[in-house]
Structures are given as C-alpha cells and as structure tokens.
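# Inside the fold
Next come the chains, spelled out residue by residue.
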Amino acid sequence: MNQFIMLGCLWLGACATAFSQQQTNGVNYQLGPIPSVHKPLAENSVPMGNFQTFEEVKLDLPITSGPYEPTWKSIEANYPGTLEWLRDSKFGIWIHFGPQSAGESGDWYARKMYVEGTPAYENHLKNYGHPSEVGYKEVLRDWNPKKFNPKALVDIYKDAGERFLIIQGVHHDQFDMWDSKYQPWNSTRLGSKRDLIGEWEKAARKAGIRFGLTFHHEYSWWWWQTAFQSDTKGDKKGVPYDGNLTLADGKGKWWEGLDPKYLYGINLREYETVAEAANSRWSPPQAGIFSDHLEYAEWYAKWWALRMMDAVDKYNPDFIYTDGTDQQPFSGSGTGTGYKCDAMQRVIADFYNKTLDRRGKVDVFSIVKFRKQTNGTVNTCETGIPENIKTDQAWIAETPVGDWFYGPNFVYSSDAVIRYLLEIVARDGAVGVSIPLRPDGSLDEGW
C-alpha cells in the first residue's frame, strides 16, 4: 500500500514538474478561431456600452506560476522596486521600424492609406495601386528590407553611447515582427520571411545591450476601421477597400489561407463615433464598450495577451512596452475603448514570474504608457518635457528625430534633439530617441 502511495506521489510530482516547465518554456494555450459576428449595421447607429458600470472581466488565461498574481495589488506587493540599471541608462535608441516604412509617408501609413486625400493615400496610389485592389496586405507581401543589418546598426548605436534598445514588436498594423505563434500575418511568413525580432535579440545580446519589446496592437481593432471604407468620389466611388475581404475571397490568390480578419479585424463602424474617429488625425472613438461584440472582444483581448506572452517566452526581453493613453490597456476608455478586462495584469504577472524562474530575480520592468505611479510599471512622456524634476516614478521620454516611421525630407535639427535629451535627463528621466530606418532597413545618409 505504501509503495502505491509513494509511486503515486512520485507520478504527481513528475506531472507537476512537467506542467511547470510547460508554462515556463512555452506558451501552449489553444486560442480558438475568431468568433463569428453579425453583419455590420448602419454606421453610427449603435450606442457604446457604459464602461464605468461594465465590470472588469477576469480572463481565463493561464500564466506562468509564481508569486505574481494577475492583479495590480499582487504586482505592486511583489515587485522589488525601481531598477538601478534603468536609472543609470539615460540614453537609448527607439527602433520604430516595420512594413509601414515602405509607404515613405511617416507615421500611421497603414491606416491613412485608406483615407482619401492624405499623403499616404496618394503615395499608395502611386506606388502600389488603389486600396480596393492592392491593399496593405500587398505591402506586407512585398516589403523586403534587404539592407537591414541589426548587428551593424547596434554597433553604430552602441558607439553613439546608447544603453538600451526599444524594439518594435508589433505596431497598430497587426503585423508581428517575429515568428509569432498566434498571428499568421508575421515577418517569417511574408515579405522578407525573417525573424526580425530574433535578429535584433542576437545583435543586442552580442553587444551586451539591454533591450525591450513594444506592443501597439491593443487598439488596432478601432484603428483599422479605415480599411472598411471606400472612396467617396471618382471612378472608384463606393468600391469597398480590401478590409472587407473574407477568407473565402482569397481562394486561388496569393493570400489563400490567410484570413484578412487577423490583419484588419472586423467592421465596428456601427458604433457611435467609430467611423468619424477613423478619419480623424488621431482621436480614438468615445469611451465605451462594444457591447454587441463581447465574445469577439474577449477573444481579441486574449489574442493580444498571448502574442505578448509568446514574444516574452521566445526572446526573454529586459522590458516590455504597451502603447496607449489610459491607465491600462482594455480599460474601456481612451485608447482602451471597446472592452474592459485584466489582460495587462496577466501579461505583466506572466512576464515577472517567467523572468524569476529563468534569471532567479526580477530585473525587468513593464512600460504602461502614461500610467499613474505603480510599483512594477514605468511610464513614458512622448515628445513632452515635464515642468519640474520628475521623481515620483521611473520614466522614459520618447521622441523621434523626424516622423516615427520613415518619411523623406522630414527631420528635426540635431540641436533640438540634443536639447531635448539634456532637458529630460536633467529631470531624472531616460530618453529613447527614434531614428527611423528607410524601407530597405538602412539609415538615411542625410541624417
């Protein structure tokens, strides 16, 4: 009897060890397909749900086991405090680079190429064709930065004195720059067919440079609503842009098997202010919940989190960065409009538990852009300068030397950039300076 008990204990222990290793050395959650949604209703006809009365959803998404639980209370209680290496690292390079560079139209090319009259729209017509026939998916297919050499770039950056790299993992365009387990529209399957984040990681580690990965895809579901439009005048008036395509439409075409919904998302223009905001220069829709798409919203939040967990698992970064304007992603307000859940807390807890298991300590941090003081997070200041010395929490200022994505003939003076760096460091901050790369991955010689 005792032998059976002992064998049973050994078996359970082995299973527990295997489960722990599975959680630490791979993200194995099986995310189901995109939930079906109803046919879009008339634009601007559906009111948003009240985000203030909507209870935050606790996702049933497992994380790496450890002391960090997916709550702000647990994260704050367990995090060791501001890292000394962050305080000492005053200057870093922001790697804002991806297929949107191909448009040579500056920031947000993917969204603006579907907005009539913008430079991005006109450039797309000239370089690719009409977005009802040749859309952003073709940009992804053709983008191949043949001169992209992370090792050479890191050597240049290190020689310039940078102490850390902020590397874009995925921008609002939903294109993952790594061998992504949960996003088929990624750099290993399209364009150059290279694991671009993997190449950055190798170059950074060889140079002894700390690096973080950035994730901007939380609000892509409303950011991409321009792709569901059509021209309002001219020969193509009323002809839908390619965001309206379905998986079935790809049969026999180059993108057969790649579902456009994983790139452009779904049409949400029935909600009040969504269509209007899509054509604004920047503004998100009004605060609220996409109440008639809750099943999709939960799927999307899990998809968002799993892609981050996957990248953390593969590349073991020194920090992660989430874009946004509100206190956390998926808050129901600001850039977090649409849903309310604890996806951010789960990602951070998983990151810290995994790092503790791998390194024996948590010497990493999480940037939650503009978040209030929270032990365990770092916030940022985009292009601005605080009035006084800012010592309430660790922070990183970020600024480009021109536009965020490459646009020719647009660059700030070196005096302005250096002055900005000095002003930020004098206020107890660090600076991430973005130097946009050309579409082929090279530096603009004029800069």
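Residues numbered from 1 in each chain as written. Predicted model: local features only at pLDDT ≥ 70, side-chain atom pairs only at ≥ 80, totals over all residues. Heavy atoms only, no water.

### A few points about the side chain of H172
Relative to the helices and strands, H172 is located in the loop between strand 2 (164-170) and helix 8 (196-207). H172 has contacts with W108, H216, Y219, S220, W223, W224 and D323, leaving out every residue within four places of it along the chain. (Helix = DSSP H or I, 4+ residues; strand = E, 2+ residues; numbered from the N terminus. Contact = heavy atoms within 4.5 Å.)

### Quick notes on the pattern of salt bridges
Applying the stated criterion across every chain yields a total of 29 salt bridges. Notably, a salt bridge pairs D440 with K147, separated by 3.8 Å at the nearest N-O pair. Taken together, the residues D440 in the segment after strand 8 (430-434) and K147 in the loop between helix 6 (136-142) and helix 7 (150-159) connect sequence positions 293 residues apart. Put simply, D323 and K369 hold a salt bridge, and the shortest N to O gap is 3.3 Å. Here K369 lies in the loop between strand 5 (365-368) and strand 6 (377-382) and D323 lies in the loop between strand 4 (319-322) and helix 13 (343-359), a separation of 46 residues in the sequence. Considered together, D323 and K369 belong to a single accessibility category, that of buried residues. The structure contains a network of salt bridges with shared partners spanning R210, D318, R359 and D363. (Salt bridge = Lys/Arg side-chain N within 4 Å of Asp/Glu carboxyl O. Buried < 20%, exposed > 50% of the residue type's maximum accessible area, 1.4 Å probe, protein only.)

### Overview of helix 5 (residues 119-127)
Listing the buried residues of helix 5 in full gives A120, Y121 and H124. Here the buried residues of helix 5 occupy an arc of 100° about the axis, which is enough to place them on one side. Among the exposed residues of helix 5, those pointing more than 90 degrees away from its buried face are P119 and K126. Residues of helix 5 that are buried make contact with helix 4 (109-112) and helix 6. Two residues or fewer after helix 5 comes G129, characterised by a positive phi angle close to 135°. (Arc of directions from axis to C-beta.)

### Section: the environment of D195
Here D195 shows up in the loop between strand 2 and helix 8. Through-space distance from the C-alpha of D195 to that of C341 is 31 Å; in sequence the pair is 146 residues apart. Once residues within four sequence positions are removed from consideration, D195 is found in contact with M177, W178, D179, S187, T188 and Y315. Among the polar contacts made by the side chain of D195, one reaches the main-chain amide nitrogen of G198 at a distance of 2.9 Å. (Polar contact = N/O pair within 3.5 Å; in protein donor to acceptor, adjacent residues only side chain to side chain.)

### Looking at the packing of helix 12 (residues 294-315) against helix 13
Packing of helix 12 against helix 13 brings their axes to within 10 Å, and their N-to-C directions diverge by 20°. Relative to helix 13, the element helix 12 lies roughly parallel. Read as a crossing pair, helix 12 and helix 13 show a hand that is right-handed. Packed against helix 12, whose contacting residues are A301, W304, A305, M308, M309, V312 and D313, the element helix 13 presents A343, M344, R346, V347, D350, F351, K354 and R358 at the interface. For the contact of helix 12 with helix 13, the per-class residue count stands at ten nonpolar, no polar and five charged. (Axes fitted to C-alpha atoms, helices over the stretch in contact; angles between N-to-C directions. Parallel < 35°, antiparallel > 145°, perpendicular 65-115°, else oblique. Left-handed = near helix turned anticlockwise from the far one by under 90°. Nonpolar A, V, L, I, M, F, W, Y, C, P; charged D, E, K, R; others polar.)

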